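What follows is each chain in one-letter form.
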Amino acid sequence: MRSIKKWLGLCVGSILVTSAPTMAQEEEFTWMDSIYTVPPPVGYVMPFDTMDIIEAASSSFSPWTEDALDEFDTTGVLSSEMLEEVLINYDYIPAVSDEVIKDRLIALEQDVPLNYHERVRRFIDFFSVKRRAYTLTILQRKNIYFPMFDRIFKEEGVPTELKYLAIVESAFKPRAVSRVGARGLWQFMPRTGRAYGLKQDSHIDERMDPEQATRAAAKYLKFLYKYHGDWELAIAAYNCGPGNIRKAQRRSGKYHFWDIYHKLPRETRSYLPQFVAMMYVLNYADEHNLHQAAPDYDIPAAEIFVSQSVDLKKLGDQIGVCEEDLLLMNPKLRWGYVPGGVKNFGVKIPESRYKMFESNRDSILAKIKYTGQGGNYKDGFYYHVVRRGESLGLIASRNRVKLWELKSWNNLRSNTIYPGQKLKIYGQGYKAPAPKSTASSSSSRSSVTSSKYHTVRRGDTVGGIARRYGISASNLRKWNGLNGNLIKAGERLAVAPPTSKSSTTSNVTKKSTSGATKYHIVRKGDSLWEIAKKNGVTVSELKKWNNLKSNSLRPGQKLKVKS
């Protein structure tokens, strides 16, 4: 009896998605774990319920990792004694044999293998017995998203059964946020999201847009399948990355999921079984006496296009729609409003209100402008808390701002930062003033200037930068003294022919009329471009004089500088 009470305690208290967090948890989830810690306007209420902020099943804090299953006895869960205790909450739970489940999985299988395994069986029981209330919630929401998933997956050429992964990732919560910063129905991390075209800034996060994120997920899954040639491995790689799959294959000498199972990261071992189990349970819900009498459906939507700020609450008041529905239809708006400075930005409203809006468009737009703090791109800012191992250049690259802008906004004189430091970062569209230089320094320095520069971001390539600015890759390498295609995040590259400005003296080394060779000792934070600029020479000349094959420098290094 004690073990049964313990089991029931786990059932009630162990991380139900619908359980409300404490105030401390709410503050932590809302601000500290977010990529952006944007302070909301004074008196502004968060545009989503705290229950929408959940832990993604792929994280180590998942409610159904192996740790949670260790106390769950699959073989005894359907015994009559335990059912007498469990049936307090459920009318009837059918007992289903392994053989029946195997046959049903075979009948259900299409493109993605649905192999029966002990772990799959345990998750089937977990969702159909222990977590029945959760499964009924999923059944209630599935009609909102499954039709859209099916359409996009067919257009992208991936199996439609992969739609069940969204349940494992986010429980159909478009605003779901994990502790590590993954967001949306498909729990994209910032870098992967940007790689698949999902824009993110202080106001808008397209990882939380259901259609855009679903199309990105379909493309990513298709890439993973091409990379591994196996749908089970592609699903596992969606959770832990293709590198961890290859590592497990090397360690085990085998190639299929269940053969490398014990070499995979702990949370990944539960990921595929959860997918198979959830797909089974939702397709055979009736056979397990899981009936959802009040399913939800997607609201038929129409899109209006605006070129001004829009407060969704004010918009809802004008067209007779509750704010919660507008937030559900526009989850990518992080703070419940469209920022100022946009052009032809699409906002979804119920289709039944479209004609009324268009008939009164001008008068409605005049009444729904957002008037709170941070409503424009030009004045919107957020904070980044420095983590161990991060550099100033890396933070600038990830947030798509220039290094000198980041230093200017935070009054930094060097590149030194420390864990826990709070850095202010302005939203896109904000134009920071250029650092002021004194008359003495400007007159004493010899510099090489360019009409335009590009700060290298993570993922940039020489060819990509050249195409972006309409120049050839060879010219880009020539103007910046590059021997190959190696560039680093934070590096500043000239994207136009440089013009030299001469001066008589230098702060670092004095020019000699005899053309003698001088030396420059590299200091921390120095770059070839800065040294060349101070000494009135080009980067390519510096590299040639010192036999440098890349732009990498180390403090204390001695560089030749010729007049």
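The residue count restarts for each chain, going from 1 along the sequence in the order it is written. In keeping with the model being predicted, local features are shown solely for residues with a pLDDT of at least 70 and side-chain atom pairs are shown and tallied solely at 80 or more, while totals for entire chains, interfaces and linings include all residues. Excluding hydrogens and water, the side-chain figures rest on all heavy atoms present in the structure.

(A) Representation of the overall build of the protein within the structure. Secondary structure summary: the protein contains 24 helices and 12 strands in total. We call a residue buried when its accessible area falls under 20% of the maximum for its residue type, exposed when it is over 50%, and partly exposed in between, using a 1.4 Å probe and counting protein chains only. Within the protein, the proportion of its 563 residues that are buried is 49%. In what follows, residue pairs with any heavy atoms lying within 4.5 Å of each other are defined as contacts. A sequence separation of at least 24 residues applies to 70% of the contacts in the protein between residues at least 6 apart. Accessible surface, the protein as shown: approximately 28,100 Å² in total, 49% of it carbon and sulfur. Secondary structure counts use DSSP, requiring at least four H or I residues in a row for a helix and at least two E residues in a row for a strand, with both numbered from the N terminus. Per-residue and other accessible areas follow the Shrake-Rupley method at a 1.4 Å probe size, with only the shown protein chains counted as cover for residues.

(B) Representation of the pattern of salt bridges in the model. We define a salt bridge as a contact between a side-chain nitrogen of Lys or Arg and a carboxyl oxygen of Asp or Glu at a distance within 4 Å. For the structure on display, the rule yields 13 salt bridges. Taking the shortest distance from any N to any O, the salt bridge between Arg151 and Glu155 comes out at 4.0 Å. Separated by four residues within a single helix, Arg151 and Glu155 lie in helix α7 (residues 132-156), roughly one turn from each other. Exposure remark for Arg151: the relative accessible area of 36% places this residue in the partly exposed category. The class of Glu155 is partly exposed, set by a relative accessible area of 48%.

(C) Quick look at the packing of aromatic side chains. Only Phe, Tyr and Trp rings are paired, with Trp represented by its six-membered ring, and only when their centres lie within 6.5 Å; those with planes under 30 degrees apart are stacked, over 60 edge-to-face, the remainder tilted. In this structure the tally under the stated criterion is 25 aromatic pairs. Ring plane angle 10° and centroid distance 6.4 Å describe the contact between Tyr220 and Phe223, whose orientation is recorded as stacked. With Tyr220 and Phe223 both in helix α10 (residues 210-228), this residue pair falls three residues apart, about one helical turn. Owing to a relative accessible area of 13%, Tyr220 belongs among the buried residues under this scheme. Phe223 gets classed as partly exposed once you look at its relative accessible area, which sits at 38%. Looking at Arg131, its charged tip hangs above the ring of Tyr134, at a distance of 4.6 Å from the centre. In this scheme, the term charge over a ring applies when either NZ of a lysine or CZ of an arginine sits within 6 Å of the ring centre and within 35 degrees of the ring normal.

(D) Broad picture of helix α13 (residues 266-283). Expected helix span is computed as 1.5 Å times (number of residues minus one). With 18 residues, α13 ought to run about 26 Å at 1.5 Å a step, and its terminal C-alpha atoms sit 27 Å apart, in line with that. Most of α13 sits inside the fold, with 15 of its 18 residues counted as buried.

(E) Representation of the pairing of strand β1 (residues 301-306) in the model. Along β1, the buried face is formed by Ala302, Ile304 and Val306; none of Ala301, Glu303 and Phe305, which line the opposite face, is buried. One requirement defines pairing of two strands: DSSP has to find at least two bridges between them. Across six bridges, the pairing between β1 and strand β4 (residues 345-350) is antiparallel. Within the sheet, the bridge partner assigned to Ala302 lies in β4 and is Ile349.

(F) Representation of the packing of helix α5 (residues 98-108) against α13 in the model. Each axis is a line fitted through C-alpha atoms, and for a helix only the stretch in contact is used; angles between axes span 0 to 180 degrees, taken between their N-to-C directions. Viewed as axis vectors pointing N to C, α5 and α13 meet at an angle of 90°, and their least axial separation amounts to 11 Å. As judged from the angle between their axes, α5 and α13 are roughly perpendicular. Residues Ile101, Arg104, Leu105 and Leu108 of α5 lie in contact with α13, whose contacting residues are Val276, Met279, Tyr280 and Asn283. Roughly parallel covers angles under 35 degrees, roughly antiparallel covers those over 145, roughly perpendicular covers 65 to 115, and oblique covers all other angles.

(G) A look at the pairing of strand β11 (residues 517-521). Of the two faces of β11, only the one carrying Lys518 and His520 is buried; Thr517, Tyr519 and Ile521 on the other face are not. In the sheet, β11 pairs with strand β12 (residues 558-562) via five bridges, with the strands oriented antiparallel. Looking across to β12, one finds that Tyr519 is bridged to Lys560.

(H) A look at unusual backbone geometry. Phi is positive for Asn344, close to 50°, though the residue is something other than glycine. Tracing the backbone through its elements, the reader meets Asn344 in the loop between β3 (337-338) and β4. Assessed through its relative accessible area of 57%, Asn344 is described here as exposed. Located in the positive-phi region is Asn411, a residue other than glycine, with phi close to 55°. A relative accessible area of 70% places Asn411 in the exposed class.

(I) The arrangement of the environment of Gln249 in detail. Residue position: Gln249 is located in helix α12 (residues 242-252). When the C-alpha atoms of Gln249 and Tyr261 are compared, they prove to be 9.6 Å apart, with 12 residues separating the residues in sequence.

(J) Local environment of the nonpolar core. The biggest cluster of nonpolar side chains holds 69 residues, and the ones touching the most others in it are Phe149, Leu162, Ile167, Trp186, Tyr238 and Phe275. Mapped by element, the contributors of at least two residues to this core are α5, α6 (118-130), α7, α8 (165-170), α10, α11 (231-240), α12 and α13. With residues up to four places along the chain from it excluded, the contact list for Phe149 reads Lys163, Ala166, Phe172, Leu185, Trp186 and Thr214. With 20 residues, the next largest nonpolar core counts Ile204, Ile349, Phe357 and Leu365 among its residues. What is meant by a nonpolar core is a set of buried Ala, Val, Leu, Ile, Met, Phe, Trp, Tyr and Cys residues, joined one to another through side-chain atoms within 4.5 Å.

(K) The arrangement of the packing of α11 against α13 in detail. Axis separation between α11 and α13 bottoms out at 9 Å; the angle between their running directions is 130°. It follows from the interaxial angle that α11 and α13 lie oblique. With respect to the hand of their crossing, α11 and α13 are arranged in right-handed fashion. Residue-level inspection shows Glu232, Ile235, Ala236, Tyr238, Asn239 and Cys240 of α11 in contact with α13, the latter providing Glu267, Thr268, Tyr271, Leu272 and Phe275. Crossing handedness is defined as follows: a turn of the near helix away from the far one that is anticlockwise and smaller than a right angle gives a left-handed crossing, while the clockwise case is right-handed.

(L) Main features of α10. Between its first and last C-alpha, α10 extends 26 Å over 19 residues, near the 27 Å set by a 1.5 Å rise per residue. Among the residues of α10, Pro210, Ala213, Thr214, Ala216, Ala217, Ala218, Tyr220, Leu221, Leu224 and His228 are the ones counted as buried. Residues of α10 that are buried in the fold lie against α7, α8, α9 (190-195), α11 and α12.

(M) Structural context of the side chain of Asn330. Tracing the backbone through its elements, the reader meets Asn330 in the loop between α15 (323-329) and β3. Apart from the residues lying within four places of it in its own chain, the contact partners of Asn330 are Arg175, Leu312, Gly346, Val347 and Lys348.

(N) Focus on the environment of Glu323. Considering the arrangement of structural elements, one finds Glu323 in helix α15. Residue classification places Glu323 among the partly exposed positions, given a relative accessible area of 22%.

(O) Up close: the environment of Met329. Along the chain, Met329 turns up in helix α15. The class of Met329 is buried, set by a relative accessible area of 12%. Separated by 19 residues in the primary sequence, Met329 and Lys348 have C-alpha atoms spaced 6.1 Å apart. Among all residues touching Met329, those that are not within four sequence positions of it are Ile299, Ala301, Lys348, Ile349 and Pro350.

(P) The arrangement of the confidence of the model for the protein in detail. Known as pLDDT, the predictor's confidence for each residue is given on a scale from 0 to 100. Scored by pLDDT, the protein comes out at a mean of 76, with 74% of its residues at no less than 70. When the elements of the protein are averaged for pLDDT, helix α2 (residues 23-32) gives the smallest value, 31, and α10 the largest, 96. Under a pLDDT of 50 for its full length, residues 1-90 has, in the predicted model, 165 contacts with residues more than four places off or in other chains. Long-range and interchain partners of residues 500-514, a stretch whose pLDDT sits below 50, account for 29 contacts in this model, where long-range means more than four residues apart.

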